Amino acid sequence: MLDLTPELPASLCFDPTIINKLRLRLVRPSSADGIIVGAEGIIICPKWIQPTYDALAECAEHGNDIVCLRGNRISGIVHSQHRQTGTQLRRQQFRRHANEADCMVMAKSLVIAKTSGQLALLRRAARQRQDPVLDQRADRLTRDRLTIPGAKTLDALRGCEGIIARMYFSAWPHLLKLPSFQRIPRRALNPINHLLDLCYSRLCLAVTLTLLDNGFDLALGTLHSEDQRRPTLALDLMEPLRPRIVDRFVMNVYQDALNGSWFVQEGNRWNLTTLGRSRWRHRWNTWFYGGSRRSGQHLAVKEAVSVYRAWVEDSASSLRWPSLDA
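Note that the structure is predicted; figures quoted are calculated from it, not measured. (Residues numbered from 1 in each chain as written. Predicted model: local features only at pLDDT ≥ 70, side-chain atom pairs only at ≥ 80, totals over all residues. Heavy atoms only, no water.)

Observations concerning the nonpolar core
Then comes step 1: W172, L211, I245, Y308 and W321 are the most contacted members of the largest nonpolar core, which totals 91 residues.
Then comes step 2: Among the elements that take part in this core, helix α8 (residues 191–214) stands out by supplying 14 residues, more than any other.
Then comes step 3: Ignoring sequence-local partners within four residues, the contact set of W172 consists of K177, F181, I192, L196, D247, V250 and M251. (Core = buried A, V, L, I, M, F, W, Y, C linked by side-chain atoms within 4.5 Å. Buried < 20%, exposed > 50% of the residue type's maximum accessible area, 1.4 Å probe, protein only. Helix = DSSP H or I, 4+ residues; strand = E, 2+ residues; numbered from the N terminus. Contact = heavy atoms within 4.5 Å.)

Topic: helix α10 (residues 241–259)
Then comes step 1: Relative to the 27 Å expected for 19 residues at 1.5 Å per residue, α10 spans 27 Å between its end C-alpha atoms, a close match to the ideal helical length.
Then comes step 2: Its maximal kink placed at V253, α10 deviates by approximately 45 degrees.
Then comes step 3: Most of α10 sits out of view: 14 of its 19 residues are buried.
Then comes step 4: Of the residues trailing α10, S261 is marked for its positive phi of about 60 degrees. (Expected span 1.5 Å × (residues − 1). Bend = angle between axes of the 7 residues up to and from the residue.)

Some thoughts on helix α12 (residues 298–313)
Think of an α-helix as 3.6 residues a turn; residues three or four steps apart then line up on the same face.
Then comes step 1: End to end, α12 covers 23 Å across 16 residues, agreeing with the expected 22 Å (1.5 Å per residue, within 8%).
Then comes step 2: In this structure, the buried side of α12 is in contact with α3 (87–97), α4 (100–129), α8, α9 (232–238), α10 and α11 (274–289).

Section: the confidence of the model for the protein
Then comes step 1: Averaged over the protein, the pLDDT score is 83; the fraction of residues at 70 or greater is 83%.
Then comes step 2: Looking across the protein, the model is least confident in strand β4 (residues 35–37), with a mean pLDDT of 52, and most confident in α9, with 95.
Then comes step 3: Throughout residues 31–35 the model reports pLDDT below 50, and contacts reaching past four residues in sequence, or to other chains, amount to 13 contacts. (pLDDT = per-residue confidence, 0-100.)

Things to note about unusual backbone geometry
Then comes step 1: Non-glycine residue R186 carries a positive phi angle of around 60 degrees.
Then comes step 2: Residue placement: R186 occurs in the loop between α7 (172–176) and α8.
Then comes step 3: Taking relative accessible area as the criterion, R186 reaches 71% and is therefore assigned exposed.
Then comes step 4: Although it is not a glycine, A188 sits at a positive phi angle of roughly 50 degrees.
Then comes step 5: Tracing the chain through its elements places A188 in the loop between α7 and α8.

Side note on the environment of N214
Then comes step 1: Mapped onto the elements of the fold, N214 is located in helix α8.
Then comes step 2: Under the relative-accessibility criterion, N214 is labelled partly exposed at 22%.
Then comes step 3: Spatially, the C-alpha atom of N214 lies 9.8 Å from that of R90, the residues being 124 residues apart in sequence.
Then comes step 4: Among the polar contacts listed, one links the side chain of N214 to the backbone oxygen of T210, at a separation of 2.7 Å. (Polar contact = N/O pair within 3.5 Å; in protein donor to acceptor, adjacent residues only side chain to side chain.)

Below, the structure is given as structure tokens:
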């Protein structure tokens, strides 16, 4: 058992130069940054230590159980016994991804499902508010969506997705009733961008843990380019879930966030206050994991991984991703 209790923010990452080793990387350089044994042990991380995706993947590869806690709730679990039972599934996964035509079908289905969710959000808001601008953006999104099936290459498909995303977020000032808004990932230039980044990160972690628990290789994506530093497959399966889970959540809480002292501006960045982080975490956990009266959105994550698994195991499987109104 390893109890990691430094008093500084840190990330737990895998050291590829040494087998079965994990490295504790402190946010601020310190002599305490060292290599720790990660095999056949229980790793207890306080809340300021975050495991990186490579650490999660390598722990699963080497037969370590992974349990992520959010307060007194288990937010994710990976069973080590799936390492043995998932061998055949891995072979099928590699065979499917070796077929470029099948991968293109998968990538297009992800973009179409994501765009359908974005369009559903705009249409619903346009009906509720009788906003002609939202109707215009939805009409434009509908026209742009028709270009997706005609994309012949992944680069062309990513170009279509980028155009649609810009059109979608151009409607957010009207959705949020703000004077202006521009979606710029990972820079926290305003509270809305910071909320989106935080929630997308939580969603990615949930998808990653579910994929690892099923025994899949995170590197085998179709829509996103391969990158050893990020879970490509999880980023793919996030696409149809973004509008349903994260975008809806941010639209529901942004007014409370702006009026409730959730954020403080530090230079050119916005960060959550201690109170804001507590309130955001409570609202997100309630939304994502549900409660006694309502099931949580985490069920859509399991559904998306089930759709992907069916595609891996059966070439004739229908790619029906979780929809906004499911």
